[in-house]
Every structure is written in C-alpha cells, then in structure tokens.
Amino acid sequence: MTKNTPIGEVGDLPPEEFRRIAHEAVDWIADYLTNVESLPVKAKVRPGEVRARFPASAPEEGESLDGALATWRDVIVPGITHWNHPAFFGYFPSSGSAPGILGEMLAAALNVNAMVWRSSPAATEVEELATDWLRQMLGLPADFEGVINDTASNSTLYALATARQVAYPDVRQTGLFGQPRGRIYASDQAHSSVEKAVLTLGLGRGSFRPIESDDAFRMRPEALRAALEEDVAAGVRPIAVVATLGTTSTASMDPVAEIARIAREFEIWLHVDSAYAGSGAIVPELRPRFSGWEGADSIVMNPHKWFFTPSDCSVLFCRHPEQLAGAFSLVPEYLRSAEQGSTRSLMNYGVALGRRFRALKLWLVMRTFGSAGLARRLLDYVHMADELAGWVDEAPGWERVAPASFSTVVFRYAPAGMGLDETNALNQRILDRVNASGEAFLTHTVLRGKMTLRMAIGNVKTTREHVVHAWELLRDAAEALSKAA
Ligand code: PLP
C-alpha cells in the first residue's frame, strides 16, 4: 500500500503496511526518548485548542495512518505535558522507561485478557511471578500476595472493601442497611483516594475520620487511639486505619509500627498506602524507614510512580488474599473452568472482570534494571533531594516547609516581613513563571495555610544538572518577581 491510500474495505491493515508504519512509530519513539528534553515540559496550549484541530465527527471512510501520525506529531504531541521529561518534578513523577515501553507495546500486540487462568495462562502466572519478585525486593514476608490494579485509588478501594467485609461479615448478602455506623481512619495528610473509597463503599462521608498529624505531617498515634476509644464508646464500629508511608504533599511517613499495634488492639484492618515511597523499601539504606509495615493487612505500592514502570500499574499486596477474593469473587457459569480451584483467577480480586497484561512491563523493568540497579537509581534521587534541601536551607529568603523525605522536597520563598497572603501569592507567581518557561515543571501543595512549592525527583532520565537548573529557575523567578513587586 502506498502513502495515503485509503484503508481496505474489511479486515485489518495488511501486515506489510503495519510493519512499515510500526517501524516509523518506533523510530519516532526512540527519537522522542532521545530528544524529549528539547520540548517544553508543560504543554503550551490553551483549553480547547487541541480538540479544535480535529474534525467534530469520525470520518466515514478510513484514512491512512500516515496522516494520523502527522496529526500525532503536529497536534497531539504539542498538547502533551511531558511526564517523560527529565525536568518533570510535579506530582510524583512517572517514567516511560525503555523496558516499560517495550512491555506496553508487546502487551498491546497480544491483547490478552487474564480474567481467569485459561484466558491467558502466562499473563496470570507472570503477574504472580512479577508481584512476588517485587515483594521480595521490598522485603515483605512471603504471606503477602500481590495483584496488579490500574491505580492506587482502586487498590485502596479494594483493600477497604475487604476490611468492610471483615467488619460486617454479612455485607455481601444484606448490605449495610440497619447496621451500626462504621468508620475508617487516616491522617489529615492521607490521599483523597481513602475518602473516595469510603464514599464508593456506601459508608457515607461521615464514616471517614481524619486524624491529626504532627509538625512533620505524620499521623499522631495518640490521636488515633483517642478517636477509636471515643467511637467505640459511642457505638461506632471501627473498620480500618490507613497509614500513609510517603504522603502526597510532603512524603511524610506515619509511625506505622505504632499504628499496627493500635490496629491489632482494636482488631481492625491496617492498610498501608505507600503508593509513591514504597519503592524506597528496595534500597537497603532506606528499608529501616518502613519498619513495622510488615504488620499491615494490605499494602499498596505503585510501580507507575517511583519504579520506572509506565502508567498504569499499581500493586496491592494482601496478607489474606482469600478475604480479598471473598469480598469480590462472583463466578458466573460461563467463566467456570476445570482448573479454577488450582489456579488463580485474577477477576476475583477486584471489580473489573478484564485484566490487562500489566505484569509484562513490570517484569521487564525488574529484569532489565535488576534490584541493585533499581536501588542505585532511587538512592541517587534521594541524594539529589537532600542536596536541594541543603540549597534551600542556605538561600536567603527561602525556607523548607517540611523535612525532605525520599526524593521529595517542599519549600517556599518567604522574604522576611512579608505577610502570609502576599507570600502565598508570590509563590504562586514563582510556580507559574517556572512552569511557563517550559524548562522545568513543579506542582504545589498548601500546608497549614502556606502555599508551598513541591519538587519530587524521579524520572529515569533526571540527573543532578536538571535539579540544579530547576533551582536556578526558581531563584531567578523569585528575584525577578520580588523586584517587580
Ligand atoms: N496514594 C498516594 C500517597 C498518592 O500520592 C497518590 C497519587 O499521587 C495516590 C494514592 C493515588 O494514586 P493513583 O493515581 O494511582 O490512584
């Protein structure tokens, strides 16, 4: 088929045409990974601008993929904020590493659905294997079994659904009508996915009880205990506590060993949200920070955050996989098979029936980089973050708002004598100016009323020079905006 020939009447693209265009696409990917740094990190488009460049409806007759690739290059890519850029420091970075991208490509080619073992035996077994490799790297006991979900939000939802099932053993049959109110506890720094799970589980928003955090944004265990005692005395049924190891705003670590003791005492489920920082447990120097998390009932860790695995990939480790399956398993006749008792049916561990072959990219990342190679990379980022924290501490007018944790530093420009509102507005302008430069991308958080800049280091291509440059941009912006004021 020559360029711009219309697609055939029926069937897929001819194989030779696929080969030609796929080679072109792979060349584009390789060039992109090489040159991504020359693109602005944050997309320079206005809302609606991308969509306006497409026809309002799909074409009646098929069009060539050459034209589509041109649209990709000219319209879509300029509308992308590049998470793969080494100066992407926003949210928690994610990397489309080379082995991860290959895993996605190969999984797309197979397009299998690993809902039950026979629907794709290797996809089921590679998921068992990859999550077990990961468990070993993290130093978790062998009774934790992992399943892969799309996001930490869903992993946490499934963990808390299991906790609800344990607290209300009849919930599958009768629902929660007429039952005493239940409650789920997490620190006031916990990710919003915990509260969303409470909403989704039909517990009502009042069933989420945020627990005060201390000066370093860690849950105060004595406040948790007091809340549990108060609730039990009032006839409320505690269901679960979520400890966050690596909070979204500051990467602070809740005192998980103490929280685990309290959870045991009150006989409630302990879920650990370590979506970002969990990766750090593979680093021998960082492992002690996780001491006590092995006392959890479930732990979520996202390889698509700080583990070089492209989105989406979230691993839920559960100590009681039979209880997780107990909350979700519902096998219709057409999905029964002879081997279902002796093999894993991934569909039983969450809401979705269909399961993408996400394990392939995770296995490829671990196999390609190795546990020591992964640990070296993560430790490098921690050293960069520590160095950045030192620069902030020494720079006149700058201050850190929380201790640096793993590869995340939170700080702001607060010249002496400037009021809170003015300081907040100034930091917003600094952030906007740096992001508009296209040379670095950061996001923000608000901590006890203070607008705070947040830099999380973690893209596979990020080097110390990128951090140095972002810090220069921030200081230049602060200086220019202070002069202009
Ligand atoms: N938990 C924590 C601590 C997070 O920081 C985030 C996202 O940044 C999430 C959960 C939600 O992750 P996901 O986007 O995978 O649902």
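See the structure above.
Residues numbered from 1 in each chain as written. Predicted model: local features only at pLDDT ≥ 70, side-chain atom pairs only at ≥ 80, totals over all residues. Heavy atoms only, no water.

Visitor: So what exactly am I meant to see when it comes to the pairing of strand β10 (residues 443-447) here?
Guide: In regular strands, side chains alternate between the two faces of the sheet. Residues T443, T445 and L447 line the buried face of β10, whereas the alternating positions H444 and V446 sit on a face that is not buried. Alignment of β10 against strand β11 (residues 450-456), held across 5 bridges, turns out to be antiparallel. Bridge assignment links H444 to a residue of β11, and that residue is L453. Taking the residues that link successive antiparallel strands as the turn, the β10-β11 hairpin has 2 residues, and the phi of R448 there is positive, at about 45°. (Buried < 20%, exposed > 50% of the residue type's maximum accessible area, 1.4 Å probe, protein only. Helix = DSSP H or I, 4+ residues; strand = E, 2+ residues; numbered from the N terminus. Pairing = 2+ DSSP bridges.)

Visitor: Is there a simple way to explain helix α5 (residues 152-167) in this structure?
Guide: Along an α-helix, residues three or four apart share an orientation, since each turn contains 3.6 residues. For α5, built from 16 residues, the straight-helix expectation of 22 Å at 1.5 Å per residue is met to within 8% by its first-to-last C-alpha distance of 22 Å. Most of α5 sits out of view: 13 of its 16 residues are buried. (Expected span 1.5 Å × (residues − 1).)

Visitor: I would appreciate a short explanation of the nonpolar core in the present structure.
Guide: Nonpolar side chains in soluble globular proteins tend to be buried together. Grouped together as the largest cluster of nonpolar side chains are 130 residues, with contacts concentrated most on L270, W293, W398, F411 and L474. Taken together, domain 2 (113-356) and domain 3 (370-484) each give at least three residues to this core, which thus spans both. (Core = buried A, V, L, I, M, F, W, Y, C linked by side-chain atoms within 4.5 Å. Domains from an automatic or database assignment.)

Visitor: How do you make sense of the sheet that holds strand β3 (residues 208-211) when you look at a structure like this?
Guide: Adjacent strands of a sheet pair through backbone hydrogen bonds, lying either parallel or antiparallel. Within the open sheet, the 7 strands sit side by side as β1-β7-β6-β5-β4-β2-β3. Their pairing is mixed. Two strands close off the open sheet at either side, each with one partner strand: β1 (145-149) and β3. Averaged over all neighbouring strand pairs, the angle between strand axes comes to 20°, with direction disregarded. The pairing of strand β6 (residues 298-301) with strand β7 (residues 314-318) spans 4 bridges and is antiparallel. The residue bridging S298 from the neighbouring strand is C318, located in β7. Against the sheet, helix α8 (residues 221-233) engages β2 (182-187), β3 and β4 (237-244), with an angle of about 150° to β3. Sitting on the sheet, helix α11 (residues 321-328) touches β1, β5 (269-273) and β7, and the angle it makes with β7 is about 110°. (Axes fitted to C-alpha atoms, helices over the stretch in contact; angles between N-to-C directions. Contact = heavy atoms within 4.5 Å.)

Visitor: I would appreciate a short explanation of the environment of P403 in the present structure.
Guide: On the secondary structure map, P403 appears in the loop between β8 (398-400) and β9 (408-413). The sequence separation of P403 and D386 amounts to 17 residues, and the corresponding C-alpha distance is 9.8 Å. Those residues in contact with P403, other than ones at most four positions away along the chain, are A216 and T250.

Honestly, that's just the spatial picture; any functional story needs more than this.
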